[in-house]
Amino acid sequence: VVTEVQRAPAERRFAAELEQLASADRDPKPQGWRLSPRAVRRFILGDKATQVSKKFFGDDALVDRCIVSLMGQQGLMLVGEPGTAKSLLSELLAAAISGDSNLVVQGSAGVIEDHLRYGWNYALLLAEGPSERALVPSPVLTGMRHGKVVRVEELTRCAPEVQDAMISLLSERTIAIPELGPGAESRAVPGFNVIATANLRDRGVHEMSSALKRRFNFETVRPIADAAFERELVAKQVAERMADHEIKPSLNEEVLELVVTVFRDLRTGVTSEGASVAQPNSVMSTAEAVNVAHAAVLDAAYLDLGGVSGEHIARQIRGVVFKDDPEDARKFRAYLDHIAKARAKRSKIWSAFHTAAKKELE
Amino acid sequence: MTEAHALAVVGRSLREPAKGLHIAPIRHHSPACAWAVRAMIREVRPKHVLVEAPIDFAAHVDLIAHPDTRPPVAIAALVEDRGEHRVSAYYPFCVHAPEYVALVEARAVGASVRLIDLPAAAMVKRRTKTADAPLGLTDEHAFDSGDYVAALCKRTGCRDGFELWDHLFETRLGQADWRGFLADVGVYCAALRASTPPAQIESDGDAAREAHMGACVLEALADGGDVVVIVGGFHVPALLEAVRDGAPQKPAAQQSGETRSYLIRYGFAALDALSGYAAGLPQPAYYDFLWQRANAPGAEPVWRHTGLDLVSGFAGAMREAGHSISVPQQVEMLRAAEALAILRGRPGPMRHDLIDAARTALVKGELAEHDAWTERLTLYLRGNALGDVPVSAGSPPLVEDARAAARRHRIELGDGARRRRRLDIRRNKKHLAASRYFHAMTLLETTFAELEVGPDFINNVRTELLFEEWSYAWSPRVEGRLIELAAQADRVGPACLRVLEARREELRAGGQSRDIAAMTILFSRGLLSGLGAELEPFLRALCEDVQAHADFAAVAATLRRLFYIARSRGPLGAHDLDVAEATRAAYARLIYLCDDLPRTPADAIAPRVEALRLTTELLREDDGAVLDHGLFAEAVDRVVEAEAPAEIRGAALAISVLAARRDAGELRAALAGQFGGAVTREEDRVAMLRGVLGAAPQLLLQSAEVVAAVDEFLVGLDEGTFIEVLPHMRLAFTALNPREVDQLAERLASLHGVSAGAFAGVHHSLDERDLARGLAIEQRLRASLAADGLSGWLGGEVGA
């Protein structure tokens, strides 16, 4: 039997920490919560005293506001650019508050109202008629029944009429099931709430109605502002991903600096020296930086059998980030010609990066 | 001794009752510190209260503690700089400032008050950056930056030094244990200092101040009795050292004579640390609210309804301002604020909890860089309150006069909020008086008022408007500027005169003594400010300058301005001044300068032709015959007779013809002479026409003779000359408006028996260069064909 999975849910990955926090938790808990709000905060932002790791980097006050929102009657809506760890934050919150981050509706154009309410096991439905046994509850219905936090990812990718189904769910906090008889309904028990994530600027998303907006408290998750912080985060996440591999090439400070600098320059449109840079359309998030660094490590370890250099980063950045937008390739070339080239004169690693990246572009 | 131990020692050594020493380390404008300081003074009942403030402000101590003083107030120090006294530093006091509380309480317990910091001038001069903005004497950057603050922020989850301070100390407002509180502030500040590089302390010039303060403390201790010292926490370790080491240095000799200071009204807007003016804690209205709450009768706990009252107050203010907050949003904001406070372990919502709550509850959508709700709440928590000083504060008469005048004109000065006022300046005398006051305050550069909509008499723009709309706000800057001017005058009117005189002197010193245009503008501004008869000397000086002026166009412009002022019965009116006389003087000078017109240099021709036209129009408007029209006509005649440049002569002739003093035939002959004369450049042929059109464009429509002359000229031109002259003709005709151009075209066409419409129907997307190029090409082509004997190909029309 294979027991390994690629990615366990947060409550499994951090089971020990959650256990420890729960046992030491003396603060008052809202009804239906596994942990007190302070313990939830410690779980997400880390706690030196109890050696709980920091899992979400960036804006601490944002995490406070999210926790406080979830204690109330409003849903929580996380918005922001792609790759700003919105989903991670929502998973961590659900895991800490409900001990379960698996009640997820993945928003897409194919989502219909049944995915938010309930469906039927049609074999049973035909055989027995409508019954509790034949009912297939949606994650939302399950969350309501058991008082858990439900996650709706990419809500704005759902059609507007499907989004609007959320309005009554959030304000009435009940789902009527008329098939089971008159008056049959499932009322939400304490502990139920919704965390939605949405991207307001991407292509192919739908506008949110203002009625729906009123039911949510909005929080904007921003890219990490502090460069040193971002380096630390990339290093940590790459190390986590490499934990299961037998060979362990290290990502040295210089390479880390290179990756994070390139991503920050292109993301913010301005270098640390103040030179302006044309921003590509591709997502230059921290998560993508981790992907690039990770791929570069694998490349170096398995194919070159050596350490990671600027060359590996250059080779990966093209495939991972600048997938197939010719306009972006132009912008990246301009970045190489004007920014990277100047740095290449002073630094060996930038020089390797510059040479290899130019070659990749040809 | 470990570092932690050393810090703890600071906490313990603050009070040495045996010696009579009681140090209260504070942060400026902190209500929690004020609370502890008051408890300390009430309990210790000291003989002396020493406050960290410039020693030369001592004269204001009684005034600050005066019952009629309503903070926020500030001491404004005018330090001499390049021979001028400028407001160089402010020392603000708000009602929740520990220093203010100390002064009031010292008075209550009968303690003597001593100020122990270096004189203001010494502090201003030590300032390293040479900035023009006045120095805030209560700046405290140590609390906002540094490794210690950053590390503590990280540990407590606070985002900056302000939140950290609130979290650690303001939450303790209203608690009885002042000893524990002050000891903690002492330790905190000692740690701040320990993590500050000594070089920075040195460069800030703190050492000299601390030596001075230490000496003052020793001196007070030597006097016997208990001594309470109110001093910025950052200085405490140095002060303790100085006291321990003894050896009182005599305080530095008091520098006097170069600083003047006044107690002035101050405002929350200026007090806000974030305004970068005179810092302390940001958003003073919030701390003021906390202080009032702590002092409320009934001893209700400070934090019980703080969130509720602040959120309700904010929502109410927003509704009034037209930014609606629905009740569910308001409830959510309050819930979030309270919950955040609990989550963060605070007794009630602090500033950042409220701001976070507003973001959570009010912002729908992605948070922008400058979010409107955050900014509105920030402004609400900042407040607009303005303090007041007692009559005996001896604020300069000019300030009092300006305020009294404002009250007379029903202008609201109660707080620092920006207001609007609409004035019916032409029909309502009271409104006109208010307008004059606003203009005067603007002339004084007080930044008090700004004209947003209204007639601009200075530049003659939209003078037909009946109303003026002003926005205004009384601020410490207004008061500061008035204090600067106070030495020169004690009423607004004379101050305006001084400013006008100073400006005139500046113009003269700048070698622009003959800039009569600028002088006339100054004169107009003086009139708008209601100076009236007081401008007599100024007007006389202006007349003298006009009499000595040598430029025709400048004198004409000034004449025109004076003429309109003399006729004006509106806001620009000057009944008490003989502007008509000045106008006549300017006119006389203009007539005199007419005889210079024949010698006009090339670059002055265009403005002078324009000036001739304007003067002609002016005389046509002068139905009251203020000016002797005959003089100008004669002068123009003399120009015609003289050997003037073609344009000037054309202009003079045209004016003469227009006045029916000459026959149009004469002008036609002159034009024809110029058109057909021997010229070095083809464009010169048009010069006289240019002058005619510049001075009297209507002549071309009125006089058949002139039209005929132009027509003859055009018909007689060969192609090459036509192309060359064309742009200059076009330029000359720009003096006509489109309607006149149409009329002229119709007349010219009718001379040739066609209709102008026949030409007008065709439109090309070609510009004049294309046309010129096309004509040139055609010409070359024709020449080439003719040279090859192929003219017949052209249909015989040319070859014939």
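Residues numbered from 1 in each chain as written. Chains lettered and ligands numbered in written order. Predicted model: local features only at pLDDT ≥ 70, side-chain atom pairs only at ≥ 80, totals over all residues. Heavy atoms only, no water.

### What about the sheet that holds strand 3 (residues 48–54) of chain B?
Residues and elements named next belong to chain B. Inclusion rule: The criterion for strand pairing is that DSSP finds at least two bridges linking the strands in question. For helices the rule is a DSSP run of H or I covering at least 4 residues; for strands it is a run of E covering at least 2, with both sets numbered from the N terminus onward.
As summarised here, the arrangement of the five strands in space is 1-2-8-3-6, forming an open sheet in which the pairing is mixed. Bordering the open sheet on either side are strand 1 (15–16) and strand 6 (112–117), each of which pairs with just one other strand. Bridging between strand 2 (residues 21–26) and strand 8 (residues 227–232) involves six bridges; their strand directions are parallel. Across the sheet, residue Leu 21 finds its bridge partner in strand 8, namely Val 227.

### A closer look at the side chain of A:Glu11
All names here are of chain A. Using the following cut-off: For every residue, the accessible area (1.4 Å probe, protein chains only) is compared with the maximum for its type, and the residue is labelled buried under 20%, exposed over 50%, or partly exposed between those bounds. The positive count covers Lys and Arg only, the negative count covers Asp and Glu only, and His and the chain ends enter neither. Any carboxyl oxygen of Asp or Glu within 4 Å of a side-chain nitrogen of Lys or Arg constitutes a salt bridge here. The contact rule is simple, with two residues in contact once any of their heavy atoms fall within 4.5 Å.
By the element assignment, Glu 11 lies in helix 1 (residues 10–13). Within the buried core, Glu 11 has no salt-bridge partner, and the shortest N-O distance to an opposite charge, that of Arg 12, equals 7.0 Å. Those residues in contact with Glu 11 that lie beyond four places of it in its chain are Leu 18, Ala 95, Gly 99, Asp 100, Ser 101 and Asn 102.

### Things to note about the sheet that holds strand 11 (residues 449–453) of chain B
All names here are of chain B. Quick note on the threshold: In this analysis an axis means a line fitted to C-alpha atoms, helices contributing only their contacting stretch, and an angle means the value between N-to-C directions, from 0 to 180 degrees.
Strand order across the open sheet formed by three strands is 10-12-11, with antiparallel pairing between neighbours. Every interior strand has two partners, whereas the edge strands, strand 10 (419–424) and strand 11, have only one. Between one strand axis and the next, the sheet turns by 30° as a mean value, whatever way the strands run. Pairing of strand 10 with strand 12 (residues 467–472) involves six bridges; the strand directions are antiparallel. Across the sheet, residue Arg 419 finds its bridge partner in strand 12, namely Tyr 472.

### Overview of the packing of aromatic side chains
Applied cut-off: Working definition: a ring pair exists when centres of Phe, Tyr or Trp rings (six-membered ring for Trp) sit within 6.5 Å. Plane angles under 30 degrees give stacked, over 60 give edge-to-face, the rest tilted. Whether a charge sits over a ring depends on NZ of Lys or CZ of Arg being within 6 Å of the ring centre and within 35 degrees of the ring normal.
Per the counting criterion, the structure on display carries 23 aromatic pairs over all chains. Ring geometry for A:Phe57 against A:Phe229: centres 5.4 Å apart, planes inclined by 75°, an arrangement best described as edge-to-face. A residue pair is termed long-range when its members are at least 10 positions apart, and A:Phe57 in the loop between helix 3 (37–45) and helix 4 (60–71) and A:Phe229 in helix 11 (residues 227–242) qualify at 172 residues. In this pair, the class of A:Phe57 matches that of A:Phe229, namely buried. One aromatic cluster is present, formed by B:Tyr437, B:Phe438, B:Phe448, B:Trp470, B:Tyr472 and B:Trp474 through successive ring pairs. Lying across the ring of A:Trp350, A:Arg343 places its NZ or CZ 4.7 Å from the centre. Taking NZ or CZ as reference, B:Arg422 lies 4.1 Å from the ring centre of B:Phe467, over its face.

### Quick word on the pairing of strand 9 (residues 216–220) of chain A
Burial within strand 9 of chain A is extensive, with five of its five residues counted as buried. Taking every second residue as pointing to the same face, both faces of strand 9 of chain A are buried, with A:Phe216, A:Phe218 and A:Thr220 on one and A:Asn217 and A:Glu219 on the other.

### Topic: the pairing of strand 5 (residues 149–153) of chain A
Residue and element names in this part refer to chain A. Along strand 5, five of the five residues are buried, which leaves the element largely enclosed by surrounding structure. The alternating pattern of strand 5 places Val 149, Arg 151 and Glu 153 on one face and Val 150 and Val 152 on the opposite face, and all of these are buried. Bridge analysis of strand 2 (residues 104–106) against strand 5 gives three bridges, and the strand direction is parallel. Within the sheet, the bridge partner assigned to Gln 106 lies in strand 5 and is Glu 153. Inspection of the sheet shows strand 5 paired to strand 8 (residues 193–198) by four bridges, in the parallel sense. Within strand 8, the position partnered with Val 152 by the bridge is Ala 196.

### Observations regarding helix 34 (residues 738–751) of chain B
Defined as follows: How far a helix is expected to stretch is found by multiplying one less than its residue total by 1.5 Å.
Look at helix 34 of chain B: 20 Å from first C-alpha to last across 14 residues, which is about the 20 Å you get at 1.5 Å a residue. Turning to helix 34 of chain B, the residues buried within the fold contact helix 31 (699–702), helix 32 (704–716) and helix 33 (719–733) of chain B.

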